[in-house]
Amino acid sequence: MITSTRKITAILVLMLFSLLLASCTPVRAWERGYLAKREMAWEPDGLKSALDKHVFFSKEASSGGNSAHGGGCGCN
Amino acid sequence: MDAALRSFPFQAMGSFCEIRFLEPSRIEARANARKMLAEVNRLEQKYSRYNPASFLSEINAMAGNNLGTKLDTETRTIFNHALSCYEQSDGLFDITAGVLRRIWDFSSGKVPSQTEVDRLLSHIGFHKLQFSKSRLILPAGMEIDFGGIVKEYAADSVARLGRSLGIECGLVNLGGDFAVIGPLPVNRPWPIGIIHPEGDRNLMARLMLEQGGLASSGDYERCFVHQGKRYSHILNPKTGWPCDGLRAVSVSADTCTVAGSIATIAMLKPEQQGIALLEELGVDHTYMTCDEQISGRGFITDSSAEKIADQIPS
Amino acid sequence: MTRKNTATGRKSGPGSKKLLALSTTALALPGIAAADAPPPFSTLSYKFTNYQEDDISRREAPFGERERYDIDVHQLRLITPTGRNTSLQIDGNQESMSGASPWFNIAGADGDPIVNLSGASGIRDSRRELSIAGSYYFDNATLSASTGYSVEDDYRSRYYGLSGQTNLHQDLTTIAAGISYADDEIFPTDAELFNRVTKESKFSTSAFVSISQIINQTSTLQAALSITEQTGFLSDPYKLRDVRPEQRTQLALSSSYRHFFVSEDAALHINYRYYHDDFGISSHTLDSSWYQNLGNSLQLIPHLRYYSQSAADFYSNVDNFVLPVTENQSSDYRLSAYGAVSGGINLVAPFGDWLISLNTERYIANEKYSAYDVTQPGAGLVRYFRVSLGIDYTF
C-alpha cells in the first residue's frame, strides 16, 4: 500500500505542477475561435462518452476520472 | 473560394445589415445565417424602443413605480456598461437622455424653447436611476434608451455566435457597426469603407479590420441647419442642446461595443476635446471635423498622397 | 499603404485606464464573454450501438457454450434551454443483451483454467434507464442537479447527483466539483434454482473535483480527481463461487489535453488516468484521438487506447470450492492482471442542423499486454467489436 500511496502522490503532484507550469497567455473572447470548435471540446460526443464510460465500467475494473460515478447497472 | 463567400443582407435595427462568411456548403450557410439573424432579432425585440412589447418598453412603462423592474443578467450588464460610459465621458454619454427626442424634431427642423429644454433636463441623469439588488427603479418622467450600445453589442454577440457555430472567416455588419467573426484566409483583414458624411460619392476612409469591431458615429442624415448653424442629432444631456463636436467619428477596438462607446463619447465632446480623447485612448480612429478635415490613426483616408495620419508612437 | 489594425490601444497612461474601464464592462456582457449561459439551441441526439464479443476460444472453453455477449443499445438525449438561466437534459437508454458470461472456472488437465459459460440458454436481458438533469446558470458559475433510474430483469438502480462549476481569470480557468449517490438492488434470476442470494443491496457515494485551464488559443489542459466508496453486496451472484469484500474505495486521477493544429486543421486529444482501489487493483489508461477535418463537411477520427490493470488481491483464475465461503475470491477476468488495446476510426458529417456520426472500435484484452506483473493469467479475457451510428438534430 505504501508504494501505491507514493505513486498516487507523485502523479497528483506531477499533474498539478504541469497545470501551473503551462505558460498561459491571456486569450481574449474573440480569439477563442479554435477553442470553440466541436473537436476541441473535452467531450465532443456526449452520447459516445457516456457509452464508453458504461462499456469500460462493465468490462474492466476501473472507473471514474473526471466525473462522479453515475448510475449503476448489473453489468459489473 | 469566391463561391464560398456567402452574403446575407437583411433589414434590422432600422438599418441595412449584412452578414458575410465563408462556407462552401449552401445548406450549412443558410442554417448558420438563420441562427445569427435570430440573435439579431432577439436583441432587437428585447431592447427596441419602437416595440411596445419589448423589455425596454416594459422598463420605461414602469417609470414612477417604486416596485421597479427585475433585470436579467444581460440587461444588468448593459446598464453596467452604460454606467461605465457615463463615468468615462464625464456624464456626456447618458442613456436617460432619450427624452430629449420629445422636444427636438429633426425632420421638421423644429427647435424647442429654453423653458421646454429646462423642464426636460430635470428628467435626465444616469445618477438618478436607483438600482437595488437586481431591480431598477426608474423615477417618474424618465426614459431609458440603449442607442449607442445595443446595436454594437448585437454585432459582437452575433460574431461570437458565428464563431461558436464554427465559422472561421466572417464579418457582421449591423447598419455600419462591424464585428469580425474571423479574418479572411489566411489572417487577412476585411476591407471596410467608411462613407463620407456628405454623401456616398466617396469614402471618407478605409480600414483593414482583422479582428475586433468597428463602430461609427456621425450625423449623416439627421442633421439640420437652423439660423445658419448646423445641428447634429446628437444631443448633449447636460445642456439639452445638440453637440458642437466632430462631424463624424469611426473607431476600431477589441469589441464593437467598446468601439461604439468611444465613438459616441468622442462625438459628444467639443471638437478639440473629442480629438484629444481619441488620441489619448490610443485606439485606431478616423474623424471628420466641421470644416471637413479628415484625419486619424490607423485608417486609410482616400485622398491620395499624405492623408494617412502618422502613427503616434506608443 | 495598408497597416494592420492592432486595435489594442495604449499600454499606459490615463487613456489606457479609461479604455480598460470601458473594456471591462463590455467584456462582461453575456454575448461577448464566454459567460455561463444555457445553450442557445436545443439538441436531440440518438445513437444506436451494436456490441459483439468474440466467441471464447476452444482452448479456454473446451466444453459447452462459446458464444459471449451480443448487446444492442439505443441512446436518446435531449438538451434544451428552458429559460434565461436554465436548461434541461433528458436521457433515455435501452439495452438488449443476449449471450453467456463465465459461470465458473476449473483447472484443466495441464493446470490451465477452463472457463464454463453460463448455461445452454444463456442470458437474455434488457435494461431501461431514464435520467433527468437541470442546470442553473449564474454569471460565472453553473449548478446542476440530476437524478436517474435504471431497471433490468434482475437489477434496479436509483441515483442522484449534484455538481457545479465556476470560471476564474476571465474564463481561463474552470473549477468543477460534484457528488453523486446511488442506491442499487440486485435480485438474481433463478435464485432458488441455483442457490443464489435472492435480494441484496449496494450503496455507492462518489465525488470529483477538476480544474481546466486554457493555455493559449489552441490548447487546453485538465486535471481531475474522483473518489468512490461502495458498500454492500459487491460480489457477482451469477458466478458459482464469487466472494468479494463488502466495501470498496476507489480513487482515480486523470489528466486530459487538447491541442488544435491550425495548418493541419486537426485536433489532438490525449487522456490519461491512474486508478487504484483497495481490492488491490491499480490501472493505467492512455487514450488518444486525432480529429482530422476533411474540407468543411467531414471529419475523420482515428483513435487508440491502451489499458492495463493489476489483479485484485483475491483473484484466482481457477475457482477454489474448498475455500470457506467467508474467504474472498473471484475468478472474474475483470479482476485479473491484463492489458487491453483498442482502437478504431470514427466519422462525423455535419449537414446544416443535422450531424451524422459513425463510431467503430475493436478491443482486445490479453495478459501479455499487461504493464503489471501477471501471476495468474486471466481466463476468459474479452475481445469485442463495437459499432455505433448516431444522429444529432439542432433546433
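All figures in this text were calculated on a predicted structure; none of them were measured in a lab. (Residues numbered from 1 in each chain as written. Chains lettered and ligands numbered in written order. Predicted model: local features only at pLDDT ≥ 70, side-chain atom pairs only at ≥ 80, totals over all residues.)

### Things to note about the overall build of chain C
1) Next: Each helix and strand counted, chain C has one helix and 18 strands in total.
2) Next: Relative to its 395 residues, chain C shows a buried fraction of 39%.
3) Next: Within chain C, contacts between residues at least 6 apart in sequence are counted, and of these 57% link residues at least 24 apart. (Helix = DSSP H or I, 4+ residues; strand = E, 2+ residues; numbered from the N terminus. Buried ≥ 20, exposed ≤ 12 C-beta atoms within 10 Å, placed from the backbone. Contact = placed C-beta atoms within 7 Å.)

### Details of the overall build of chain A
1) Next: Counting secondary structure elements, chain A contains two helices and zero strands.
2) Next: Residues counted as buried form 43% of the 76 residues belonging to chain A.

### Considering the interface of chain A and chain C
1) Next: Contacts between chain A and chain C engage 43 residues on the former and 79 residues on the latter.
2) Next: Of all the elements in the fold, those that place two or more residues in the side of chain A that touches chain C are α1 (2-21) and α2 (46-59) of chain A.
3) Next: Among the elements that line the side of chain A that touches chain C, the one with the most residues is α1 of chain A, at seven residues.
4) Next: In the side of chain A that touches chain C, the residues fall into 21 nonpolar, 14 polar and eight charged. (Nonpolar A, V, L, I, M, F, W, Y, C, P; charged D, E, K, R; others polar.)

### Digging into unusual backbone geometry
1) Next: One non-glycine residue, methionine 13 of chain B, adopts positive backbone phi at about 50°.
2) Next: Among the structural elements, methionine 13 of chain B can be located in the loop between β1 (5-12) and β2 (15-22).
3) Next: The residue asparagine 195 of chain C is not glycine, and still its phi comes out positive at about 55°.
4) Next: Its location among the elements puts asparagine 195 of chain C in the loop between β9 (173-186) and β10 (200-216).
5) Next: With 8 C-beta atoms packed within 10 Å, asparagine 195 of chain C lands in the exposed category.

### Overview of helix α7 (residues 271-281) of chain B
1) Next: Every buried residue of α7 of chain B is accounted for by Gly274, Ile275, Leu277, Leu278 and Leu281 of chain B. End-on view of α7 of chain B: buried residues confined to an arc of 160°, all on one side of the axis. (Arc of directions from axis to C-beta.)

### Notes on the environment of glycine 245 of chain B
Residues and elements named next belong to chain B.
1) Next: Secondary-structure assignment places glycine 245 in the loop between β12 (229-231) and β13 (248-253).
2) Next: For glycine 245, a count of 25 C-beta atoms within 10 Å puts it in the buried group.
3) Next: Ignoring any residue separated from it by four or fewer positions in sequence, one finds glycine 245 in contact with Met267, Leu268, Lys269, Pro270, Glu271 and Gly274.

### Thoughts on the packing of helix α5 (residues 150-164) of chain B against helix α6 (residues 256-268) of chain B
All names here are of chain B.
1) Next: Here α5 crosses α6 at 160°, and the two axes come no closer than 7 Å. Regarding the angle of α5 to α6, the classification is roughly antiparallel. In terms of crossing hand, the pair formed by α5 and α6 is right-handed. Between α5 and α6, the contacting residues are Glu152, Tyr153, Ala155 and Asp156 on the first element and Cys256, Thr257, Ala259 and Gly260 on the second. (Axes fitted to C-alpha atoms, helices over the stretch in contact; angles between N-to-C directions. Parallel < 35°, antiparallel > 145°, perpendicular 65-115°, else oblique. Left-handed = near helix turned anticlockwise from the far one by under 90°.)

### Description of the nonpolar core
1) Next: Grouped together as the largest cluster of nonpolar side chains are 91 residues, with contacts concentrated most on Ala155, Val158, Val172, Phe178, Ala259, Ile262 and Ala266 of chain B.
2) Next: Broken down by element, this core gets its largest block of residues, nine residues, from α6 of chain B.
3) Next: Setting aside residues up to four positions removed in sequence, phenylalanine 178 of chain B forms contacts with Ala155, Leu171, Val172, Asn173, Ile192, Leu209, Gly213, Leu214 and Cys256 of chain B.
4) Next: Of all hydrophobic cores here, the second largest spans 30 residues; its members include Ile56, Val73, Tyr338 and Tyr384 of chain C. (Core = buried A, V, L, I, M, F, W, Y, C linked by C-beta atoms within 7 Å.)

### Looking at the environment of glycine 282 of chain B
1) Next: With respect to the helices and strands, glycine 282 of chain B occurs in the loop between α7 and β14 (284-288).
2) Next: Sequence separation between glycine 282 of chain B and arginine 297 of chain B is 15 residues, and the spatial gap between their C-alpha atoms is 8.7 Å.

### Regarding the interface of chain C and chain B
1) Next: Of the residues lining the interface, 34 residues belong to chain C; the matching set on chain B comes to 44 residues.
2) Next: Mapped by element, the contributors of at least two residues to the side of chain C that touches chain B are α1 (14-27) and β16 (338-351) of chain C.
3) Next: The dominant element in the side of chain C that touches chain B, judged by the number of residues it contributes, is α1 of chain C, at ten residues.

### Structural notes on the sheet that holds strand β9 (residues 203-209) of chain B
Note on sheets: strands pair through backbone hydrogen bonds, and any given pair is parallel or antiparallel.
Residue and element names in this part refer to chain B.
1) Next: With antiparallel pairing, the three strands of this open sheet are ordered in space as β8-β9-β16. If you trace the sheet from one side to the other, it starts and ends with β8 (190-195) and β16 (300-301), each paired once.
2) Next: Bridging between β9 and β16 involves two bridges; their strand directions are antiparallel. Considered in β16, the bridge of arginine 206 is made with isoleucine 300. (Pairing = 2+ DSSP bridges.)

### Concerning the sheet that holds strand β3 (residues 69-70) of chain B
All names here are of chain B.
1) Next: Taken in spatial order, the three strands of this open sheet run β3-β5-β4, and their pairing is antiparallel. Across the chains shown, the open sheet's two edge strands, defined by having one partner strand only, are β3 and β4 (130-132).
2) Next: With three bridges connecting them, β4 and strand β5 (residues 135-137) associate as antiparallel partners. Counted as the bridge partner of glutamine 130 is isoleucine 137 from β5.

### Overview of the pairing of strand β1 (residues 43-53) of chain C
A regular strand places its side chains on the two faces of the sheet in alternate fashion.
All names here are of chain C.
1) Next: Pairing geometry for β1 and strand β18 (residues 383-394), over eleven bridges, is antiparallel. Paired with threonine 43 across the two strands is threonine 394, which belongs to β18.
2) Next: When β1 meets strand β2 (residues 70-81), the two strands line up antiparallel, connected through ten bridges. For leucine 44, the partnering residue across the bridge sits in β2 and is leucine 78.

### Remarks on the confidence of the model for chain C
Residue and element names in this part refer to chain C.
1) Next: Looking at chain C as a whole, its pLDDT mean stands at 88, while 94% of the residues score no less than 70.
2) Next: Considering each helix and strand of chain C separately, the mean pLDDT is smallest for α1, with a value of 80, and largest for strand β15 (residues 298-309), with 97.
3) Next: Here the prediction assigns the complex a pTM of 0.69, and the interface score ipTM is 0.88. (pLDDT = per-residue confidence, 0-100.)

### Here's the deal with the environment of arginine 34 of chain B
1) Next: Tracing the backbone shows arginine 34 of chain B in helix α1 (residues 26-47).
2) Next: Along the backbone, arginine 34 of chain B and phenylalanine 8 of chain B are 26 residues apart, and their C-alpha atoms lie at a distance of 9.4 Å.

### Comments concerning the pairing of strand β5 (residues 113-117) of chain C
All names here are of chain C.
1) Next: A large share of β5 lies buried, amounting to five of its five residues.
2) Next: Here β5 shows no split at all, with Pro113, Val115 and Leu117 on one side and Ile114 and Asn116 on the other all buried.
3) Next: In the sheet, strand β4 (residues 102-107) pairs with β5 via five bridges, with the strands oriented antiparallel. Paired with isoleucine 106 across the strands is isoleucine 114, a residue of β5.

### Comments concerning the packing of α1 of chain B against α5 of chain B
Residues and elements named next belong to chain B.
1) Next: One can describe the packing of α1 onto α5 by two numbers: an axis separation of 9 Å at closest approach and a directional angle of 150°. Comparing the axis directions of α1 and α5 gives the class roughly antiparallel. Here α1 runs over α5; the crossing is right-handed. Note on element contacts: α5 touches α1 through Val150, Ala154, Ser157, Val158, Leu161 and Gly162, opposite Lys35, Met36, Glu39, Val40, Leu43 and Tyr47.
2) Next: Per-class residue counts for the contact of α1 with α5 are eight nonpolar, two polar and two charged.

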